[in-house]
Amino acid sequence: MMPDPVTIAILAGISLLAFTVAGLAGFGSGVIALPVLVWMLGPREAVPIITLVQLVGSASRTGLNWKEISWPVLKWSALGSTPISALASYLFVVTPAPIFTRLLGLLLLVLVAQRHTQWGRGRSIKLRSFVLVGGANGLASGYLGTPGPLAAPFHLAYGLTGAAFVGTTAAGVLLTQLPKIPVFASNALLGTQVLYIAAAMGVMAFAGSVVGKRISGKVSDRWFLIGVETLLVLSGIALIVQG
C-alpha cells in the first residue's frame, strides 16, 4: 500500500530537521523523529522505519567525519552493542516495554547531572568500559530505535568533542542498526509502506547530515558541550513523557 503523500511530506520535513540536529550534535534524530512516527503510524511501523533511516543518517555522518572517529572507542563499543542490539530488537517484536523508555530517560538525566557534581566533574571513563556502554546502547537501540543519547555522556567523559564525538557516535549507531534489519525482515515488519517512507526520510536524513556538518565546524568546544548536554536533558524528559 502506497503511503499518503501528505504523510510522506511531513515525515520528510521532520527527518531533515532531526538529522540536521544529529549532524551538528551527534545524536537526537531518533528522539525528534520517533515520536512523530509513532503518533502518525504506530510503534510497529515507527521503529523499523527509524531503524532504516538511522542507517542512512549514521552512514552519512560516519563518512563526513571519518578522519576524526575514535576507532578504539568504536571497537570496544561494538563488542557489546552488536550482539545485544539483535537480541533487543527481537524482544521489541515480542514484548514492547514502555517502562524501559522511562527508565532510559531517567538515566540520561542522572548521567548529565553527575557530570556537574564533585564526583563526576573531570572524571574519565576507561576504554574497555565501552564494552558495557555498547551493550547498554545496543539494548536501548533494539527497543527504541534511538541509541545515540545513551552513549553520549560516556563519549563526553572520555573526552570526545566536535567531529570526533559526532563521527564516533554515528559509527556506533550504524553498527547497532545493522543487526536489527534481518530480525525485522523475518518478522514481516518491512512492508511496502515502511520502505517507501524510509526511502523518503532517508534522502532528507542525508541532506540533514551534510547541513549539520557544515554548521558544526563553526561551533566551539564549549558551546558544543552545552548544546549536547541540553539535548541530553530534553531527550531524557521526552523519553519519560513518551514512555
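These numbers were taken from a predicted model, which means no experiment stands behind them.

1. As for the confidence of the model for the protein
Link 1 in the chain: Here the protein averages 81 in pLDDT, while 85% of its residues score no lower than 70.
Link 2 in the chain: Ranking the elements of the protein by mean pLDDT puts helix H5 (residues 98-114) last with 71 and helix H10 (residues 192-216) first with 92.

2. Description of empty space enclosed by the protein
Link 1 in the chain: Summed over the entire model, instances satisfying the criterion amount to 2 cavities of 30 Å³ or more.
Link 2 in the chain: Each pocket or cavity is described by its volume, and for the largest cavity that value is around 120 Å³.
Link 3 in the chain: Taken together, 16 residues form the lining of the largest cavity, with Ser-77, Asn-137, Ala-151, His-155 and Gly-172 sitting closest to its centre.
Link 4 in the chain: Put simply, the parts of the chain that give the lining of the largest cavity at least two residues each are helix H4 (71-94), helix H6 (130-144), helix H7 (148-158) and helix H8 (162-177).
Link 5 in the chain: Of the residues that constitute the lining of the largest cavity, the class distribution is 6 nonpolar, 10 polar and no charged.

3. Things to note about the packing of aromatic side chains
Link 1 in the chain: This model, assessed by the stated rule, comprises 2 aromatic pairs.
Link 2 in the chain: Between Trp-66 and Trp-71, the aromatic rings sit 4.9 Å apart at their centres with planes inclined by 65°, giving edge-to-face as the arrangement.
Link 3 in the chain: Given the relative accessible area of 48%, Trp-66 is considered partly exposed.
Link 4 in the chain: Judged by relative accessible area, Trp-71 falls into the partly exposed class, the value being 39%.
Link 5 in the chain: Between the aromatic rings of Phe-130 and Tyr-158, the centroid separation amounts to 5.5 Å while the plane-to-plane angle is 85°, which identifies the pairing as edge-to-face. Pair noted here: Phe-130 is in helix H6 and Tyr-158 is in helix H7, with a separation of 28 residues, a long-range link.
Link 6 in the chain: When its relative accessible area of 32% is taken as the criterion, Tyr-158 is described as partly exposed.

Rules of the game
- What you see as residue numbers is a count from 1 along each chain, following the sequence as written.
- Thresholds applied to this predicted model are a pLDDT of at least 70 for local features of residues and 80 or more for the giving and counting of side-chain atom pairs; totals over whole chains, interfaces and linings are not thresholded and use all residues.
- Note that the side-chain values use all heavy atoms of the structure and ignore hydrogens as well as water.
- Every residue carries a pLDDT, the predictor's confidence in it, which falls somewhere between 0 and 100.
- Helix numbering and strand numbering both begin at the N terminus, where a helix is a DSSP run of H or I of at least 4 residues and a strand a DSSP run of E of at least 2.
- The pocket and cavity definitions rest on a 1 Å grid over protein atoms only: a 1.4 Å probe that fits but cannot leave marks a cavity, an open set with protein on both sides within 12 Å along at least five of seven lines marks a pocket, and residues lining either have an atom within 4 Å of a point.
- Grid points are joined across faces, edges and corners, and a volume is the space filled by probe spheres set on the points.
- The residue classification treats Ala, Val, Leu, Ile, Met, Phe, Trp, Tyr, Cys and Pro as nonpolar and Asp, Glu, Lys and Arg as charged. All others, Gly included, are polar.
- Any two of the Phe, Tyr and Trp rings considered here, Trp counted by its six-membered ring, make a pair once their centres fall within 6.5 Å; the pair's planes then place it as stacked at under 30 degrees, edge-to-face at over 60, or tilted in between.
- Any residue under 20% of the maximum accessible area for its type is buried, any over 50% is exposed, and the rest in between are partly exposed; the area is computed with a 1.4 Å probe on protein chains only.

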